[in-house]
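Chain and residue survey
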Amino acid sequence: GSRTGRELWRAQQDFPRARRGTEREPLPVPSAKGSEILFGIAPCSLALSQARRRLLRLFLKQSSGSARPAMSELGLQAAARGVPVLRVPRRELDALCRGRPHQGVCLEATPLRFKSLEEAEKPHLRDEEGRSRQLIWLVLEHIQDPMNLGALLRSAYFLGVDRVVASHRNSCPLSPTVSKASAGAMEVFDVYSTDDLQSFLKAKTAEGWEVVGTVSNPEDVEDVPVISCSEFQWNKPIIVVIGSEGEGLSLETQLQCHRMLTILPSRALHPGIESLNVSVASGILLHSICSQKRRHGD
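All figures in this text were calculated on a predicted structure; none of them were measured in a lab.

Each helix and strand in the protein was counted, giving 11 helices and 12 strands. Scored against the burial criterion, the 298 residues of the protein give a buried share of 45%. Residue pairs in contact within the protein that sit at least 24 positions apart in sequence constitute 86% of those at least 6 positions apart. Carbon and sulfur atoms provide 50% of the accessible area of the protein, an area that totals close to 16,200 Å².

Next up on the list: the pattern of salt bridges. A complete count under the given rule lists 7 salt bridges for this structure. Its salt-bridge partner being Asp190, residue Arg52 comes within 2.5 Å of it at the nearest N-O pair. Note that Arg52 is positioned in the loop between α2 (41-50) and β2 (55-61) and Asp190 in the loop between α8 (176-181) and β8 (191-194), a separation of 138 residues in sequence. Taking relative accessible area as the criterion, Arg52 reaches 32% and is therefore assigned partly exposed. Its salt-bridge partner being Glu207, residue Lys204 comes within 3.1 Å of it at the nearest N-O pair. In this structure, a network of salt bridges that share partners links the residues Glu36, Arg53 and Glu187.

The pairing of strand β9 (residues 210-214) with strand β12 (residues 259-262) spans 3 bridges and is parallel. Looking across to β12, one finds that Gly213 is bridged to Met260. Of the pairings in the sheet, the one linking strand β10 (residues 226-228) to β12 comprises 3 bridges and is parallel in character. Across the sheet, residue Ser228 finds its bridge partner in β12, namely Thr262.

Let us now look at the nonpolar core. Core analysis: the biggest nonpolar cluster contains 33 residues, and Leu138, Leu140 and Val164 have the highest contact counts within it. Contributing elements (two or more residues each) for this core: β6 (136-140), α7 (146-159), β7 (163-167), β11 (238-242) and α11 (278-296). Residues in contact with Leu140, not counting those within four places in the same chain, are Leu149, Leu152, Val164, Val165, Ala166, Ser167 and Ile242. Counting residues in each nonpolar core, the second largest holds 19 residues, with Leu197, Phe200, Val224 and Leu249 among its members.

This part takes up the sheet that holds β2. Overall, mixed pairing links the 4 strands, which are arranged β1-β4-β2-β3 in an open sheet. Sheet topology places β1 (36-39) and β3 (85-88) at the edges, where each strand pairs with a single neighbour. Across the sheet, the mean angle from the axis of one strand to that of its neighbour is 25 degrees, orientation sign disregarded. Of the strand pairs in this sheet, β2 and strand β4 (residues 105-109) are connected by 5 bridges, and their pairing is antiparallel. Directly across from Leu58, in β4, lies its bridge partner Leu107.

On to a nonpolar patch on the surface, then. On the surface, a cluster of nonpolar side chains totalling about 240 Å² of accessible area is made up of Leu276, Val280 and Ile284. Position of Ile284 among the secondary structure elements: in helix α11.

Calculation rules
- Residues numbered from 1 in each chain as written.
- Predicted model: local features only at pLDDT ≥ 70, side-chain atom pairs only at ≥ 80, totals over all residues.
- Heavy atoms only, no water.
- Helix = DSSP H or I, 4+ residues; strand = E, 2+ residues; numbered from the N terminus.
- Buried < 20%, exposed > 50% of the residue type's maximum accessible area, 1.4 Å probe, protein only.
- Contact = heavy atoms within 4.5 Å.
- Areas by Shrake-Rupley, 256 points an atom, 1.4 Å probe, with all protein chains shown as cover.
- Salt bridge = Lys/Arg side-chain N within 4 Å of Asp/Glu carboxyl O.
- Pairing = 2+ DSSP bridges.
- Core = buried A, V, L, I, M, F, W, Y, C linked by side-chain atoms within 4.5 Å.
- Axes fitted to C-alpha atoms, helices over the stretch in contact; angles between N-to-C directions.
- Patch = residues over 30% accessible without salt bridge, like charges linked within 9 Å, V, L, I, M, F, W, Y side chains within 5 Å.

As structure tokens, then:
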């Protein structure tokens, strides 16, 4: 036949194969009610090693070549804990974590929950030795962006914060996105919550702690001294309170603070760029404060 006829015949033969290639096999669905999908090497590896969750299934990307060492290690970790390992195409991993950066691995597990404040108040933090130590707790009021919460947890863990407490209302949960943004710190670092932030701060003040708030614009604060974080010095247990992304600290919380810290800019700022992202600002503040803790010894 003619060349055109041969091309038409090939196209007809190829069409069923192309169509079959686009059909998706059924995706693996969560096997337990209320489970969630962690994604990324660090969150999945740390979740497997810490066993703070109930672990259900590990999903690894199929590979035509030799497996990456990290993947092999994850498979061994899962097998050692009796967790089924499924090797699936990339598109199934993409669907499991809704297109987020999974690095070739997802883990189905039960969620992590905030811990109660009663669990944070361990006896050694209330005795005389505890009062003389430089303890620092980070309190988060209404942090709603999971990327910010994850970055905050990562910085707090890295810099040596002793406890993180979040306001229970109007705060995002400890989700897989938070774990990924924290580079897995959420899997090893307990996060506590309180339903009554004002009463909690009052109680800590009565125990001898200093409550320190944070503000981007000193002019927004009344009746509370504001100083640069570079000038701040401390010699007793402190609580550093970080406010929400858009509103900062509520007025009720500001009034619980003994001092407010701010980061002074190093240039005249263009209107509309007068503040830092909350997780970046918190990292700068915590580094300034925690560096004193390291100098004085723990």
